[in-house]
Amino acid sequence: MARKLVKKYLDERDGAAMDSGGAALNLFWSNTQVLMSSLYAKAPKVDVSNTFKDAEDDTSRVAANILERLLNHDIEEDDESTYPEVTQQAVGDYIIVGLGQVWYRYEVDTETQSTEPVVDPQSGTVLAEPVEYEAIVDEDAPADYVYWEDFWWSPARTWQDVRWVARRVFMNREELIARFGDKIGKDIPVSKQRKDGGRGPENDPWEKAGVFEIWDKTTKCAYWHVMGYNIIADYKEDPLKLRGFFPCPKPMLSNPTTTNFMPRADYLLAQDQYSQINELTTRLKYLIKACKVVGVYDKNSTPVGRVFTDGMENQMIPVDNWAAFAEKGGLKGQMDFVPIEVIASVITTLTQQRDVMKQGLYEVLGIGDIMRGQTDPDETLGAQQLKAQFGGNRLQYKQQSVGYWVASGQRIRAQIICGHFQPATIMERSNIEHSNDAPLAQQAIAFLKDAGNGKIYRISIESETMAMVDWAQERDSRTQFMQAVGSFVTSVSPLLEAKPASAPVVLQMMKWGLGGFRVGKEIETVLDQAIQAAQQPEKPTPPDPMVEAEIAKLKAETVETEAKTKQNLASAEKAWSDSTKANAETLMLFGS
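Residues numbered from 1 in each chain as written. Predicted model: local features only at pLDDT ≥ 70, side-chain atom pairs only at ≥ 80, totals over all residues. Heavy atoms only, no water.

Chemist: Explain the environment of proline 423 to me, please; I cannot follow it from the model alone.
Modeler: Looking at the element boundaries, proline 423 is found in helix H15 (residues 423–430). A residue is classified by how much of its surface remains accessible, and proline 423, at 39% relative accessible area, is partly exposed. Separated by 23 residues in sequence, proline 423 and alanine 446 place their C-alpha atoms 7.8 Å apart. (Helix = DSSP H or I, 4+ residues; strand = E, 2+ residues; numbered from the N terminus. Buried < 20%, exposed > 50% of the residue type's maximum accessible area, 1.4 Å probe, protein only.)

This is how it looks when you write it as structure tokens:
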């Protein structure tokens, strides 16, 4: 059935359908394009943050920043990154056949290197010979697209009950030898006709084998098996050490139930509406063909038959025996036409009925009339906005499903990075050493490498980041952000002028308030630095050397002046004392 859905999407009809002259209005393709623009029109933006958001936990905040840089770098890299294309293909499968999936792996390239010999500097004796070792020269955590027909899982009612998952990859002889070695790679049978039922690309000239990579949660092992080959080609014990074990997220499934964890495409739930619309389109096709000037005339009146064959503009056709021609009623009496007005009326009725069926189809699929660019000129703005809002709510479930699926995949990539990447690779690719968080970079990377600490991170993908950007809404969001900041600064300015010591509290309040704005996340680090600076005591301004010299000069002059003053006072006191003594002696003489 899924293969038929792909053909319907591409409007590939077999010979019998083409010969029958049937017509189809390919609303399935049109609706798929609308859903793609709503669910995944562009690559997502990863948001990584500390789950508890502790303001004083700078190490975890910087570690989250490093992880966010790494994940977004691999998504936004224009030339080499295949992640946006891989994810878009999986979302397309999800919309068309009801199943989309990707597969994550750790890819590492090594080369043989050797250590330097250890030599005694005094005697020149070699104390230790060079030792060869395998050094990592490149590592990555790519995502592989999994074709919907090549993803398998154990029978279950829910994803939590799934015991194993598998993907099928087709390999040619050279790829088999490179993966499994000469002995096994040469023994595995290959052919153009897939014995395991797999369908490769059309006109593929290579002989290949379908290799199943099976991850069993029960045994915590990964196995590689080929249909038609009696032994296991390879196995590894818990290759990636992931918390959920599986190297893939929960697949995107359309309309699963707890009875059986299997998809059912949206097309199948609306196939009656699609079929009726195509039937009406076929009828309209034939009626439009029949809606033309067709009539009959008396074959004995040869000139009448020449009216539409020889008649030209502003020309008249001669008629023999005009009296007999007029007696028979002229043209009206000798020719008659198929009633076109009846056919035109039926065409109008069928067209209106088809429009009604289309609206019913849009209601079933959750595609509102506003989202289709259709509106009623008599409706108020509020009514149109209400319909658009609820039309968006109909799609919100799918948007959240895709966002959750992408976020789950990014959590797997984050675990691979933290568990397998070298610290030097993390430092280089995140470019954190050139940021304001460079002083905490080494400590944050060590924090990431600790497997236990990885659990406190929350990796989220907002569904609206994958839809087409509404630049008017983005502009309004930034305008609201700036207005909120301006209003807050205006209201707290008197407080800061009266009590400058309240600056840390004010900045903390601003940080809390801006947390509600998505665009405010980028300046969180700047606010943290401002809060830290406000909490530190203000350092005194260093004195000017020229002022210091002048002050010293004034002090010296003051000391000199004070010394002279003291000397003058001492001389005056001595003179006064001598004068007083002389006067006393004179009085004593007169008295005697």
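Chemist: For this particular structure, what's the right way to read unusual backbone geometry?
Modeler: With phi around 55 degrees, aspartate 11 is a residue other than glycine that occupies positive phi space. Given the relative accessible area of 33%, aspartate 11 is considered partly exposed. Phi angles above zero are rare outside glycine, and lysine 241 is one such case at about 60 degrees. Looking at the secondary structure, you find lysine 241 in the loop between strand S12 (234–237) and strand S13 (252–253).

Chemist: Would you take a moment to explain the sheet that holds strand S7 (residues 143–146) for this structure?
Modeler: By way of backbone hydrogen bonds, the strands of a sheet pair with one another, either parallel or antiparallel. Across the sheet, 3 strands lie side by side as S7-S2-S13; this open sheet has antiparallel pairing. The outermost strands of the open sheet, each flanked by one partner alone, are S7 and S13. In terms of strand pairing, strand S2 (residues 99–104) meets S7 through 4 bridges, oriented antiparallel. Among the inter-strand pairings, valine 102 is bridged to a residue of S7, identified as tyrosine 145. Set on the sheet, helix H5 (residues 83–96) makes contact with S2, S7 and S13; between it and S2 the angle comes to about 150 degrees. (Pairing = 2+ DSSP bridges. Contact = heavy atoms within 4.5 Å. Axes fitted to C-alpha atoms, helices over the stretch in contact; angles between N-to-C directions.)

Chemist: Looking at this structure, I do not really get the side chain of arginine 413. What am I missing?
Modeler: One can find arginine 413 in helix H14 (residues 381–420). Polar side-chain contacts of arginine 413 include one of 3.1 Å to the side chain of glutamine 410. When sequence neighbours within four positions are dropped, the list of residues in contact with arginine 413 reads Leu71, Asp74, Tyr104 and Ala141. (Polar contact = N/O pair within 3.5 Å; in protein donor to acceptor, adjacent residues only side chain to side chain.)

Chemist: Sorry, what's going on with the packing of helix H1 (residues 2–9) against helix H3 (residues 27–39) here?
Modeler: To describe two helices that pack against each other, one gives the angle between their axes and the distance between the axes. Their axes nearest at 8 Å, the elements H1 and H3 cross at an angle of 90 degrees. Classified by the angle between their axes, H1 and H3 sit roughly perpendicular to one another. Between H1 and H3, the residues in contact are Leu5, Lys8 and Tyr9 and Phe28, Trp29, Thr32 and Gln33, respectively. Considering only residue class, the contact of H1 with H3 consists of 4 nonpolar, 2 polar and 1 charged. (Parallel < 35°, antiparallel > 145°, perpendicular 65-115°, else oblique. Nonpolar A, V, L, I, M, F, W, Y, C, P; charged D, E, K, R; others polar.)

Chemist: In this structure, what is going on with the sheet that holds strand S11 (residues 221–226)? I would like to understand it.
Modeler: Ordered by their spatial adjacency, 5 strands build an open sheet running S8-S9-S10-S11-S12, and the pairing between neighbours is antiparallel. What marks the edges here is a single partner per strand, and that holds for strand S8 (151–153) and S12. Averaged over all pairs of adjacent strands, the angle between their axes in this sheet comes to 20 degrees, without regard to strand direction.

Chemist: What is the right way to look at the pattern of salt bridges in this model?
Modeler: Oppositely charged side chains can form a pair if their charged atoms are brought close together. Counted by the stated rule, this structure contains 12 salt bridges. The partner of arginine 61 in a salt bridge is aspartate 437, and the shortest N-O contact between them spans 3.7 Å. Placement of arginine 61 in helix H4 (residues 58–76) and of aspartate 437 in the loop between H15 and helix H16 (441–449) is noted, with a sequence separation of 376 residues between them. No difference in accessibility class separates arginine 61 from aspartate 437, as the two residues are buried. The salt bridge involving aspartate 266 is made with lysine 398; its shortest N-O contact spans 2.7 Å. In this pair, aspartate 266 is assigned in helix H8 (residues 266–269) and lysine 398 in helix H14, connecting sequence segments 132 residues apart. As far as burial versus exposure is concerned, aspartate 266 and lysine 398 are alike and both buried. Through salt bridges with shared partners, one network takes in Arg105, Glu107, Asp144, Arg167 and Glu213. (Salt bridge = Lys/Arg side-chain N within 4 Å of Asp/Glu carboxyl O.)

Chemist: Honestly, the environment of asparagine 172 in this entry has me stumped. Any pointers?
Modeler: Secondary-structure assignment places asparagine 172 in the loop between strand S9 (164–171) and helix H6 (173–180). For asparagine 172, a relative accessible area of 11% gives the class buried. Linking asparagine 172 and glycine 210, residues 38 residues apart in sequence, is a C-alpha distance of 9.2 Å. Dropping the residues within four chain positions of it, asparagine 172 is found in contact with Trp206, Glu207 and Lys208.

Chemist: Hey, could you run me through the confidence of the model for the chain in this one?
Modeler: Close reading of the predicted structure is inappropriate where its pLDDT is low. For the chain, the mean per-residue pLDDT works out to 79, and 75% of the residues sit at or above 70. Confidence, read as mean pLDDT per element, is least for helix H2 (residues 15–19) in the chain (55) and greatest for S8 (97). (pLDDT = per-residue confidence, 0-100.)

Chemist: Even after reading the chapter, I still don't get the nonpolar core, so can you show me in this structure?
Modeler: A general tendency of soluble globular proteins is for nonpolar side chains to be buried together. Core analysis: the biggest nonpolar cluster contains 98 residues, and Ile66, Val91, Val165 and Phe180 have the highest contact counts within it. The dominant element in this core, judged by the number of residues it contributes, is H14, at 9 residues. Here phenylalanine 180 is in contact with Met171, Gly185, Ile188, Val211, Trp224, Ala233 and Asp234, once residues within four sequence places are set aside. (Core = buried A, V, L, I, M, F, W, Y, C linked by side-chain atoms within 4.5 Å.)

Chemist: Could you clarify how one ought to interpret H6 in this entry?
Modeler: Helical geometry: 3.6 residues make up each α-helical turn, so side chains three or four residues apart lie on a common side. N-cap assignment for H6: the residue whose side-chain oxygen lies 3.3 Å from the backbone N of glutamate 174 is asparagine 172. Just past H6, the residue glycine 181 takes up positive phi, approximately 95 degrees.

Chemist: Any chance you could explain H3 here in plain terms?
Modeler: An ideal rise of 1.5 Å per residue puts 18 Å on 13 residues; H3 measures up with 18 Å between its terminal C-alpha atoms. With 10 of 13 residues buried, H3 lies mostly within the body of the structure. Listed in full, the buried residues belonging to H3 are Leu27, Phe28, Ser30, Asn31, Thr32, Val34, Leu35, Met36, Ser38 and Leu39. (Expected span 1.5 Å × (residues − 1).)

Chemist: Looking at this structure, how should I read the pairing of S11?
Modeler: Side-chain direction in a regular strand flips from residue to residue, so the side chains alternate between the two faces of the sheet. Strand direction decides the pairing type here: strand S10 (residues 209–216) and S11, joined by 6 bridges, are antiparallel. Within S11, the position partnered with valine 211 by the bridge is valine 226. Between S10 and S11, which pair antiparallel one after the other, the connecting turn spans 4 residues, and lysine 220 there sits at a positive phi close to 55 degrees. One ladder, built from 4 bridges, connects S11 with S12; its direction is antiparallel. The residue bridging tryptophan 224 from the neighbouring strand is aspartate 234, located in S12.

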